[in-house]
Amino acid sequence: MISFVVFSLRRAWQGFWRNALMSIAATATMVLMLVLLAGFWIIQTGLLSALDFTESKVDVKVNLQLDATQAQIDSLRSTIVALPGVTGVTFTSKDEALAQFQELMRQQGREDLSKVLDANPFPATYEVNLKDPSFSPAVVAALQPEKQAAVRNVLDTKDTAQKVKTVTDILRSAGSVILVVIGVIVLFIIVNTIRLAVVARAEEIEIMRLVGASDAFIRWPFVFEGAMVGLFGAAITLLGLYLLADPIGGFMVDFFRVLPLSFGSLARDLVIIVTSAGLGLGVLGSWLSVRTYLIR
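Since the structure is predicted, the reported quantities are computational estimates derived from the model, not experimental observations.

Turning our attention to helix α3 (residues 70-82). Because the α-helix completes a turn every 3.6 residues, residues three or four places apart line up on one side. Taking 1.5 Å of rise per residue, 13 residues should cover 18 Å, and α3 covers 19 Å from first to last C-alpha, within 8% of that figure. As for α3, its buried residues are in contact with β1 (59-64), β2 (86-92), β3 (125-130) and β4 (151-155).

A few words now on helix α4 (residues 94-107). Its 14 residues place the ends of α4 20 Å apart at the C-alpha level, agreeing with the 20 Å of an ideal helix rising 1.5 Å per residue. Along α4, the residues classified as buried are A97, L98 and M105. Buried residues of α4, viewed axially, fall in a sector of 100°; they line one side. Turned more than 90 degrees away from the buried face of α4 sit D95, Q100 and Q107, all of them exposed.

Where β1 and β3 come together, five bridges link them in antiparallel fashion. By the bridge assignment for β3, D59 is matched with N129. Note that β2 and β3 share six bridges and pair antiparallel. Note on β3: the bridge partner recorded for T90 is E127.

Turning to the nonpolar core, a few remarks are in order. Counting 21 residues, the largest nonpolar core has L34, L270 and V274 as the members making the most contacts within it. Among the secondary structure elements, those contributing two or more residues to this core are α2 (20-56), α7 (158-200), α9 (215-243) and α11 (263-295). A per-element tally of this core places α2 first, with eight residues. If near-sequence neighbours (up to four positions away) are discounted, L34 is found in contact with G233, A234, T237, V274, A277 and G278. Within the second largest apolar cluster, 20 residues are counted, among which are L83, A124, V140 and L143.

Definitions and limits used
- Residues numbered from 1 in each chain as written.
- Predicted model: local features only at pLDDT ≥ 70, side-chain atom pairs only at ≥ 80, totals over all residues.
- Heavy atoms only, no water.
- Helix = DSSP H or I, 4+ residues; strand = E, 2+ residues; numbered from the N terminus.
- Expected span 1.5 Å × (residues − 1).
- Contact = heavy atoms within 4.5 Å.
- Buried < 20%, exposed > 50% of the residue type's maximum accessible area, 1.4 Å probe, protein only.
- Arc of directions from axis to C-beta.
- Pairing = 2+ DSSP bridges.
- Core = buried A, V, L, I, M, F, W, Y, C linked by side-chain atoms within 4.5 Å.

This is how it looks when you write it as structure tokens:
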């Protein structure tokens with residue numbers, strides 16, 4: 001078995017360089033397809049990060065009673081933090097709310113409006129950040145005034161939250177479908193490119209069959225040759241992405257301005273995806289091409 005693998009690898013290496021023109025064409029096609037796949041993955045990653053950021057901004061605002069005591073405020077905070085789906089709570093006191101209003105009026109050149117206030121009309125508030133918009137209805141229901149004495153009212157954002165979740169779910173699903181479609185297109189093009197290489201070497205295959213070579217004896221060198229095409233294509237693609245890392249990073253920041261992207265995880269994902277896709281497509285493309293040829 002080991003000797004057969006070694007023989008197949010040697011034959012694949014010889015075949016790759018003996019038919020350099022077709023090998024270069026297959027590798028170039030592989031690179032183009034992997035660049036397309038990597039480009040879409042980069043866009044998909046940025047889109048999903050932007051959607052996650054958008055979803056994280058869906059929150060619930062809780063206005064407190066004007067006469068709420070500090071003990072009630074602290075107790076309410078503990079209740080909010082314990083609710084499922086809550087990722088953070090921001091408290092704004094009455095004085096801070098008034099100061100924010102006065103600063104807004106000052107920026108708009110309308111300071112006189114804030115001076116006519118006899119008393120501070122602004123309630124203290126809690127802004128509740130949610131892990132996912134789907135948690136909004138449950139959080140809103142748990143913080144209603146009839147259940148929490150310190151609560152004056154809750155700004156119900158469940159309709160907006162649901163709309164945001166619907167849109168993001170559609171975009172995520174559409175992205176997954178497009179990724180699958182691109183994968184199928186890449187496989188189709190790779191299979192046809194390698195099939196051309198197989199047809200160009202029809203005479204070599206016929207000679208091997210005339211001397212009694214089995215299908216496995218013919219097929220496996222081509223499969224390893226396809227793996228070489230995939231690995232070379234992946235290496236060239238990854239090298240190109242590495243050299244273009246700074247422009248790609250700048251594009252991601254400029255295009256998806258709202259996102260805190262983790263470029264480390266994106267780079268790791270690209271290495272795994274490009275390498276596995278190149279190797280997998282090369283092997284599968286060679287296998288299907290040679291199998292179809294031998295059957296015919």
